[in-house]
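Observations on chain architecture
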Amino acid sequence: MDRFLLFLLLLLTVSVASAQSITVSGRVIDDDTREGIPFCNVYFKGTTIGVSSDVDGNYTITTKSPSDTLVVSAIGYSALEKPLKGLVDQEINFRVKSSDFTLSEVVVIAGENPANAIVRKIIKNKKKNRVEALDAFQCEAYTKVELDLDNISDKMRERKLFKPFEFIFENIDSTSDEKPFLPAYITETISNVYYVKSEGKPKEIPQAQRVSGVNNKTVIEFINQMHDEFSVYDNWIDIIEKPFASPFSNQGLTYYEYYIIDSAFIDGKWSRKLKFKPKRKQENTFYGDFWVSDTTFAIQRVNMRMSKDANINLINRVIIYQEFQLNKTDMWLPGKQKMVIDFKALKKGPGVIGRKTVSFKNYRVNNESPIEEVPEFDKEFYSLEDLKRDDSFWEEARHDKLSKNEASIYAMIDSIKNVPIYKTYVDIIYTLVSGFKELGMVEIGPYMTIYNNNPVEGHRFRLGVWTSNNFSKQLRFGGYLAYGLRDQQFKYGADFQYNLSKYPRIVFGASYRNDVSFSNQNSEEIGEGNIFSGIYRRPILQKLLRVEEGKFFYERFWKKGWSNKVTLLHQRMDPYGSIRSDGGGFNYAYLPNPEEAPNNIDTIISTTELIFKTRFALGEQFIDGQFFRTSLGSKHPIIELQYTAGLKGVLNGDYSYHKLALSYRHYFNIAPIGWLGYRLKAGKVFGQVPFLLSEVHPGNETYFYSNYIFNGMNNYEFASDTYVSLMLVHHFDGFFLNKIPLLRKLKWRSVVAFRAVYGTLSEENKEANQLNSFNTANLDTYTGFQTPDQEPYMEVGVGIENIFKIIRLDVLWRLNYLNNPEAKRLTYRAGLLFYF
């Protein structure tokens, strides 16, 4: 009897155990975007037990008959397996990697591919599905931008460069799915977004911002703009200013093949899932998938990646993810969007991953509720301090919780900054970028001007010393001293600058220089030379000036791209040095009163000028230093107007005249055939002046290519007092060379250029400058200047750029004015230029 009871008890226990079930739940996310993958298959290996994940990638499986392994699979992703942790309820999350999308051949027996019909309807309806179709809306946006140094191997971590930062890797949970990385930067921003159709595109007003390790507002804005704003409905999506064909472009069927692969209900709407892939290699395209509403043909979710063979530099991967939320108006509005850019110079080396995530909530659409009045805002006129908020604010305000790694970045950045070697690394980078070496209260440089060479000075050495930000963040002063071994003369200069205000930027200062120059342009018109300007010049007659210049200036930046500068400048120019075997130099001579020649000849120019500049550059981006700012350009035209008055009798100025100059430059994409940059300039000089004070059209006597000068022209070869010029450069990117099999892998890019200038010289200026005018009877010495009034001076060029990513080679044809013996019809130029 006891044995029988024991047997019944054992049987009951086994029966109860066999009747128990386990529940496994978790989330399937994209390894790159960290977003949930909808409708993927999650199942126990070797069984038919499984489910599909929901629209956010979540899944739950409850079963009495599990296997010991859980598998996840989805089209476009590599399958992934994970073992169960015993027969208990548990959470298993998956991070799956994207795989190349391939399908077997699709045969359409009659009619067109049904996927194409859906795409045509998306294109037809995209105008009314864009958020701009609304009359007005208001919402809150949360933006997160993160930069990480990744692909750091164990071998690299052992190197001295990373050894001091080993504590960062030790803090990463090795059992998690997170990849080890070195955090570099993270910023979070809460903004209010306003849109009124009559006022144009949406306007974003920041309300709060939190930043790690960076205190420079313009640097933050630059990093944020590395991920261009985009809409998947655009015909072209800009990535680092390179246009990529959108899968929903009006010409989408020209660039992509589409396939219907699934259907399901999303938010109660019948939807279809389509895959797409490029039709051709090495075009700027994507591959990926999307879900689309079967009634309104609005995009509900899209996940796409840059084609691996796209002709773009230093970019290993680009991932774009966007999802939309159904509004009460039955319209799909942006809910979340993410762009991931993987920067990598070497395939096996470390890289930088930039991630930008933007999410939207609290929409107020049309007349659903009153839209607030759009406030005035200009990004130039706020500081980081204005947007600081405490930790409790961010706990409540951010739309999604930070991941474990993200939450630790703020603390890790502070820890990194406390590592002693960190400052050394920062100093090295600062020296490489700025050209200056900081030594406490002063800095020395720039290193690119330490050595130079020209026929008059011979070997030239220069040393400059200026105060650093450690001395003052408002006042900067310093100077330089240079010496030539051949002419045995010292040259020198000094300047100071005082910052009256940072927001808005208001500065004034003064400078003085006594130096040698290859150009007659003053410091308001030309940048400082570098090591190549003297060493690698062509073997032709070189004309130098000894220039003495002093100036005072005041500059202010206003709202919406406006700025003004006023300068009082005194300049003395004297032809300098013996550069011919007969001892002759720059044979400059001016006749103030031609009828008194040759008894009255000026050989030295002394002038005082009052210069007014107005500049308009809407949306221009800058990287601000404490005392200087570097323009990153603008997507809009940049217009500059300059008026110059010559003040006779002021500070020994000998000439009275007026100058007007107007410059207009811009660039724009002409996808898919590249992009065009152009510059128009026109001006006039009123009054009798030496030709060095007129418009001396800039030539190029070096072997190096330059964008905004005439590369086939020599210095001082052409001058005018009334002129108009045009410079065009079209970059075809890989439009042609990508189609040549043998050249395709090199990723070379073709470029063409055209430059022209037409000018005239008044009769009084011809008479006054007759001793410098072109003279065919005296070609063995100084040839003099010409005026391009017979016909426009013209040159064209054809080149290849992106050779080893940075080299450009051009062949230039000078089309006319070939009677100057120093003029060449065919010339060559090389340049170091980089474009993504």
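Residues numbered from 1 in each chain as written. Predicted model: local features only at pLDDT ≥ 70, side-chain atom pairs only at ≥ 80, totals over all residues. Heavy atoms only, no water.

1. Quick notes on the overall build of the protein
Within the protein, the regular secondary structure consists of 12 helices and 42 strands. When burial is assessed residue by residue, the protein has 49% of its 836 residues classed as buried. Summarising the internal contacts of the protein: among those between residues at least 6 apart in sequence, 63% fall at separations of at least 24. Total accessible area on the protein is roughly 40700 Å²; 57% of this is exposed by carbon and sulfur atoms. (Helix = DSSP H or I, 4+ residues; strand = E, 2+ residues; numbered from the N terminus. Buried < 20%, exposed > 50% of the residue type's maximum accessible area, 1.4 Å probe, protein only. Contact = heavy atoms within 4.5 Å. Areas by Shrake-Rupley, 256 points an atom, 1.4 Å probe, with all protein chains shown as cover.)

2. Describing unusual backbone geometry
Note: most residues except glycine have negative phi, and most peptide bonds are trans. Omega for the peptide link from Gly 445 to Pro 446 comes to -5 degrees, which places this bond in the cis form. Position of Pro 446 relative to the elements: it lies in the loop between strand 22 (442–444) and strand 23 (451–454). Pro 672 follows Ala 671 through a cis peptide bond whose omega is 5 degrees. Of note, Pro 672 is situated in the loop between strand 34 (657–669) and strand 35 (675–686). Positive phi outside glycine occurs at Ile 240, with the angle close to 50 degrees. Its location among the elements puts Ile 240 in the loop between strand 12 (236–239) and strand 13 (242–245). Positioned with a positive phi, Phe 804 is a non-glycine residue whose angle comes to about 55 degrees.

3. Looking at the pairing of strand 14 (residues 256–266)
Bridge count for strand 14 against strand 15 (residues 269–278) is 10 bridges, and the pairing is antiparallel. Each bridged residue has a counterpart across the sheet, and for Asp 262 the counterpart in strand 15 is Lys 273. Counting the residues between successive antiparallel strands, the hairpin from strand 14 to strand 15 contains 2 residues, one of them, Asp 267, with a positive phi of roughly 50 degrees. (Pairing = 2+ DSSP bridges.)

4. Comments concerning the pattern of salt bridges
Opposite charge on two side chains allows them to pair when their charged atoms are near. Enumeration according to the criterion identifies 35 salt bridges in this entry. Between Asp 234 and Arg 130 there is a salt bridge, with its nearest N and O atoms 3.0 Å apart. Of this pair, Asp 234 sits in the loop between helix 5 (217–225) and strand 12 while Arg 130 sits in the loop between helix 2 (114–129) and strand 9 (136–150), and the two are 104 residues apart along the sequence. Residue classification places Asp 234 among the partly exposed positions, given a relative accessible area of 22%. (Salt bridge = Lys/Arg side-chain N within 4 Å of Asp/Glu carboxyl O.)

5. Some details on the environment of Ser 246
As for its position among the elements, Ser 246 is in the loop between strand 13 and helix 6 (252–255). When its relative accessible area of 0% is taken as the criterion, Ser 246 is described as buried. When the C-alpha positions of Ser 246 and Phe 286 are compared, they lie 7.5 Å apart, and in sequence the two are 40 residues distant. In contact with Ser 246, other than residues within four places in its own chain, are Val 232, Asp 234, Asn 235, Ile 237, Gly 252 and Tyr 256. Of the polar contacts made by the side chain of Ser 246, one reaches the backbone oxygen of Val 232; its length is 2.8 Å. (Polar contact = N/O pair within 3.5 Å; in protein donor to acceptor, adjacent residues only side chain to side chain.)

6. Things to note about the side chain of Arg 615
Looking at the element boundaries, Arg 615 is found in strand 30 (residues 605–617). A relative accessible area of 16% places Arg 615 in the buried class. At 2.6 Å, the side chain of Arg 615 forms a polar contact with the side chain of Glu 620. In this structure Arg 615 touches Gly 561, Trp 562, Ser 563, Glu 620, Ile 638, Ile 639, Glu 640 and Arg 665, once residues within four positions along its chain are discounted.

7. Quick notes on the environment of Ala 74
The residue Ala 74 is located in the loop between strand 5 (69–73) and strand 6 (80–83) in this model. Separated by 32 residues in the primary sequence, Ala 74 and Val 42 have C-alpha atoms spaced 9.0 Å apart.

8. Overview of empty space enclosed by the protein
If you walk through the whole model with that rule in mind, you get 6 cavities of 30 Å³ or more. Taken as a whole, the second largest cavity spans an internal volume of roughly 100 Å³. What lines the second largest cavity is a set of 13 residues, and nearest its centre among them are Pro 38, Tyr 77, Asp 289, Arg 301 and Asn 303. Sorting the residues of the lining of the second largest cavity by element identifies strand 16 (286–293) and strand 17 (299–306) as the ones contributing at least two each. (1 Å grid on protein atoms, 1.4 Å probe; cavity = no way out; pocket = protein on both sides within 12 Å on 5 of 7 lines; lining within 4 Å. Points joined across faces, edges and corners; volume = space filled by probe spheres on them.)

9. With respect to the pairing of strand 41 (residues 807–814)
Of the two faces of strand 41, only the one carrying Arg 808, Asp 810, Leu 812 and Arg 814 is buried; Ile 807, Leu 809, Val 811 and Trp 813 on the other face are not. What sits between strand 40 (residues 793–803) and strand 41 in their antiparallel hairpin is a turn of 3 residues, with Phe 804 showing a positive phi close to 55 degrees. Note: strand 41 against strand 42 (residues 826–832), 7 bridges, orientation antiparallel. Following the sheet pairing, Leu 809 is matched in strand 42 by Ala 830.

10. Description of the packing of aromatic side chains
Within this structure, the stated rule accounts for 36 aromatic pairs. Residues Phe 265 and Trp 270 carry aromatic rings whose centres are separated by 4.9 Å and whose planes lie at 70 degrees to one another, so their mutual orientation is edge-to-face. Phe 265 sits in the exposed class, given a relative accessible area of 56%. Look at Phe 834 and Phe 836: their rings are 5.3 Å apart centre to centre, the planes differ by 75 degrees, and that puts the pair in the edge-to-face class. Given a relative accessible area of 35%, Phe 834 falls into the partly exposed group. Here a set of aromatic residues connected by ring pairs shows up, and it is made of Phe 248, Tyr 256, Tyr 258, Phe 276 and Phe 290. One residue, Arg 808, lies across the ring of Tyr 705, its end atom 3.9 Å from the ring centre. (Phe/Tyr/Trp six-rings, centres within 6.5 Å; stacked < 30°, edge-to-face > 60°. Lys NZ or Arg CZ within 6 Å of the ring centre and 35° of its normal.)

11. A closer look at the confidence of the model for the protein
Of all residues in the protein, 87% have pLDDT values of 70 or greater, and the mean over the chain is 84. Throughout residues 4–18 the model reports pLDDT below 50, and contacts reaching past four residues in sequence, or to other chains, amount to 0 contacts. Across residues 173–177 the pLDDT falls below 50, and counting only partners more than four positions away or on other chains, this stretch makes 4 contacts in the model. (pLDDT = per-residue confidence, 0-100.)

12. Structural notes on the nonpolar core
With 43 residues, the main nonpolar core has Ile 239, Tyr 258, Phe 286, Phe 290 and Ile 299 as its most contacted residues. Counting residues per element, this core draws most heavily on helix 2, which supplies 5 residues. If sequence neighbours within four positions are ignored, Ile 239 has contacts with Asp 228, Phe 244, Phe 286, Ile 312, Val 318, Met 339 and Ile 341. Leu 545, Phe 691, Tyr 716 and Phe 785 belong to the second-largest nonpolar core, a separate cluster that totals 19 residues. (Core = buried A, V, L, I, M, F, W, Y, C linked by side-chain atoms within 4.5 Å.)

13. A few points about the environment of Arg 317
Locating Arg 317 in the fold gives a position in strand 18 (residues 315–326). The partly exposed category is assigned to Arg 317, whose relative accessible area is 22%. Sequence separation between Arg 317 and Lys 344 is 27 residues; the distance between their C-alpha atoms is 8.9 Å. Once residues within four sequence positions are removed from consideration, Arg 317 is found in contact with Asp 32, Met 306, Val 340, Ile 341, Asp 342 and Ile 353.

14. Considering the sheet that holds strand 2 (residues 41–44)
An order of 3-2-5-6 is seen for the 4 strands of this open sheet, with the pairing classed as antiparallel. Strands at the two margins of the open sheet, each flanked by one partner only, are strand 3 (50–52) and strand 6. Within this sheet the neighbouring strands show an average axis-to-axis angle of 15 degrees, counted without direction. Looking at chain direction, strand 5 and strand 6 are connected through 4 bridges and run antiparallel. Within strand 6, the position partnered with Leu 70 by the bridge is Lys 82. (Axes fitted to C-alpha atoms, helices over the stretch in contact; angles between N-to-C directions.)

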